[in-house]
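# Observations on chain architecture
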Amino acid sequence: MKAKLPIIIVLLVALILRLFQLGSLPVSLFGDEIDVGYHAWSLATTFRDYRGNFLPTYIQSLSEARAPLLMYLTAPFIGLLGPSNFSVRLPSALMGVASLYLVYLLTNLLFPKKEPGLIAAIVLAFAPWHLHYSRSAFELTTLFFLTLLGVYWYLLGREEPKFYRLFLFPLVLTFYTYSTANLFTPILVVLLLLLFPPDFKKVGNRATALSLTFGLLLFLPILYHLTFGAAAGRFRLINIFSDKKIIDQVIIDRTRPWVVNPTLEKIFHNKATTFLAAFGTNYLTPFSTEFLFISGDPNFRQSISRFGQLLVIFAPFLLVG
């Protein structure tokens, strides 16, 4: 029990930080949180979303299509506690604390001799970005929790092969959580298989086949939405290749009054170079000092106003890492 006491204290502190005045800090629900609350209330009372669809595998809101898992997770809390700011945000807060424990377990699994899991949990407990998202009904906290759980079960499978049967389920559920998973999760699974090759023979062929079959069946509804349905439309809406501003910028650069050689302009100003520059900017910005330690995300819905995503005291350790 003494060995567990430090992590228990960290989890209790994290729980207090995430539950204290949860209904009023942030000061009001964001539009996306209100949407989650209405869908969850409708699901809890009628088993339909607020547009009347029975137990949908992808949810159509008033303005866009959304992955449904957060609404389903929120429905029992709203059903039991009633519709309120607190009940809408409570699932994210609890998953935020659960993620701390998974970080603790996963870190100790990767570095068993150093036992740095407690330090990792403390860092995450006070990280501004994680505090912010754990206190808001956004999908990122759910996505983070499921990703950690899937990775932990996969790596644990090297010591206890039965966990190989389980790791796929939380990773498949990430596709029902947030559109980022459509690109990130497949890459993550490939990296896990390459960096930590599994020994599925220890599990047993029948158990492995059943696990993969169930995982595939769980994936089929979202695969349809990703290919033909609402999820495909959502991806087309948010990816940079659909950004009309980028195309407009290419046209402007080619038609400026001082352009002397239009052919030469096409070499420097075209779709390929412009999209590559946009991708590079989007990729590198989250690694900048301003984003990480000074001002954070310029969209205050995604960060604490005028405060970095990480505490400044973490900077030296980030450089060492």
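Whatever comes next refers back to the structure up there.
Below is a summary of the structure that appears in this document.

Calculation criteria
Residues numbered from 1 in each chain as written. Predicted model: local features only at pLDDT ≥ 70, side-chain atom pairs only at ≥ 80, totals over all residues. Heavy atoms only, no water. Salt bridge = Lys/Arg side-chain N within 4 Å of Asp/Glu carboxyl O. Helix = DSSP H or I, 4+ residues; strand = E, 2+ residues; numbered from the N terminus. Buried < 20%, exposed > 50% of the residue type's maximum accessible area, 1.4 Å probe, protein only. Expected span 1.5 Å × (residues − 1). Arc of directions from axis to C-beta. Phe/Tyr/Trp six-rings, centres within 6.5 Å; stacked < 30°, edge-to-face > 60°. Patch = residues over 30% accessible without salt bridge, like charges linked within 9 Å, V, L, I, M, F, W, Y side chains within 5 Å. Areas by Shrake-Rupley, 256 points an atom, 1.4 Å probe, with all protein chains shown as cover. Contact = heavy atoms within 4.5 Å. Polar contact = N/O pair within 3.5 Å; in protein donor to acceptor, adjacent residues only side chain to side chain.

Okay, the pattern of salt bridges next. What the rule picks out here adds up to four salt bridges. The salt bridge partner of Arg-89 is Glu-33, with a shortest N-O separation of 2.9 Å. On the criterion of sequence distance, the pair formed by Arg-89 in helix H4 (residues 85–110) and Glu-33 in helix H2 (residues 31–46) is long-range, its members being 56 residues apart. Across this residue pair, the class does not change: Arg-89 and Glu-33 are buried. A network of salt bridges, in which partner residues are shared, links Asp-35, Arg-66 and Glu-139.

All right, on to helix H9 (residues 181–195) then. Over its 15 residues, H9 runs 20 Å from end to end, which matches the ideal 21 Å to within 8%, given 1.5 Å per residue. Listed in full, the buried residues belonging to H9 are Ala-181, Asn-182, Thr-185, Leu-188 and Leu-192. Seen along its axis, H9 keeps its buried residues to an arc of 135°; they face one direction. Summarising the geometry of H9, the exposed residues directed more than 90 degrees from the buried face are Leu-183, Leu-194 and Leu-195.

Between its first and last C-alpha, H2 extends 22 Å over 16 residues, near the 22 Å set by a 1.5 Å rise per residue. Here H2 has its buried residues at Glu-33, Asp-35, Val-36, Gly-37, His-39, Ala-40, Ser-42 and Leu-43. Taken from the residues just after H2, Phe-47 is the one with a positive phi, measuring 65°.

Our focus in this paragraph is the packing of aromatic side chains. Aromatic ring pairs are defined here through the distance separating the ring centres and the angle between the ring planes. Considering all chains together, one arrives at eleven aromatic pairs under this definition. Where Tyr-154 meets Tyr-164, the ring centres are 5.6 Å apart and the plane angle is 65°; that geometry is what we call edge-to-face. Of this pair, Tyr-154 sits in helix H7 (residues 139–156) while Tyr-164 sits in the loop between H7 and helix H8 (168–173), and the two are ten residues apart along the sequence. When sorted by exposure, Tyr-154 lands in the same class as Tyr-164, which is buried. With a centroid separation of 5.5 Å and 45° between ring planes, the pair formed by Tyr-283 and Phe-287 is classed as tilted. Chaining the aromatic ring pairs together yields one cluster made of Phe-30, Tyr-133 and Phe-138.

The next point concerns a nonpolar patch on the surface. Together, Leu-5, Ile-8, Ile-9, Leu-12, Val-13, Leu-17, Ile-122 and Phe-126 give the surface a local cluster of nonpolar side chains, amounting to about 620 Å² of exposed area. Counting only elements with at least two residues in the nonpolar patch, the list comes to helix H1 (5–19) and helix H5 (117–126). Among the elements that take part in the nonpolar patch, H1 stands out by supplying six residues, more than any other. Of note, Phe-126 is situated in helix H5.

Looking at where Arg-256 falls in the secondary structure, it is placed in the loop between helix H12 (244–254) and helix H13 (262–268). Sequence separation of Arg-256 and Ser-61 is 195 residues, and the distance between their C-alpha atoms is 41 Å.

Along the chain, Leu-192 turns up in helix H9. When the C-alpha positions of Leu-192 and Val-151 are compared, they lie 8.0 Å apart, and in sequence the two are 41 residues distant. Apart from residues no more than four positions distant in its own chain, Leu-192 is found in contact with Val-151, Tyr-154 and Pro-197.

Each neighbour pair has its own omega, and for Leu-25 with Pro-26 the value is -5°, a cis peptide bond. By the secondary structure assignment, Pro-26 is in the loop between H1 and H2. Residues other than glycine seldom take positive phi values, yet Gln-21 does so here, at roughly 50°. Along the chain, Gln-21 falls in the loop between H1 and H2. Residue Leu-55 is not a glycine yet carries a positive backbone phi of 40°. Structurally, Leu-55 can be placed in the loop between H2 and strand E1 (59–60). By relative accessible area, Leu-55 is classed as partly exposed at 39%.

Here Pro-83 shows up in the loop between helix H3 (69–81) and H4. Classification of Pro-83 by relative accessible area gives exposed; the value is 56%. In sequence terms Pro-83 and Pro-116 are 33 residues apart; their C-alpha atoms lie 40 Å from each other. Not counting chain neighbours up to four residues away, the residues in contact with Pro-83 comprise Trp-41 and Ile-78.

Judged by relative accessible area, which is 0%, Glu-33 ranks as buried. Side chain to side chain, Glu-33 and Arg-89 meet in a polar contact 2.9 Å long. Leave out the neighbours within four places in its chain, and Glu-33 touches Ser-28, Val-88, Arg-89, Arg-135, Ser-136, Ala-137 and Phe-138.

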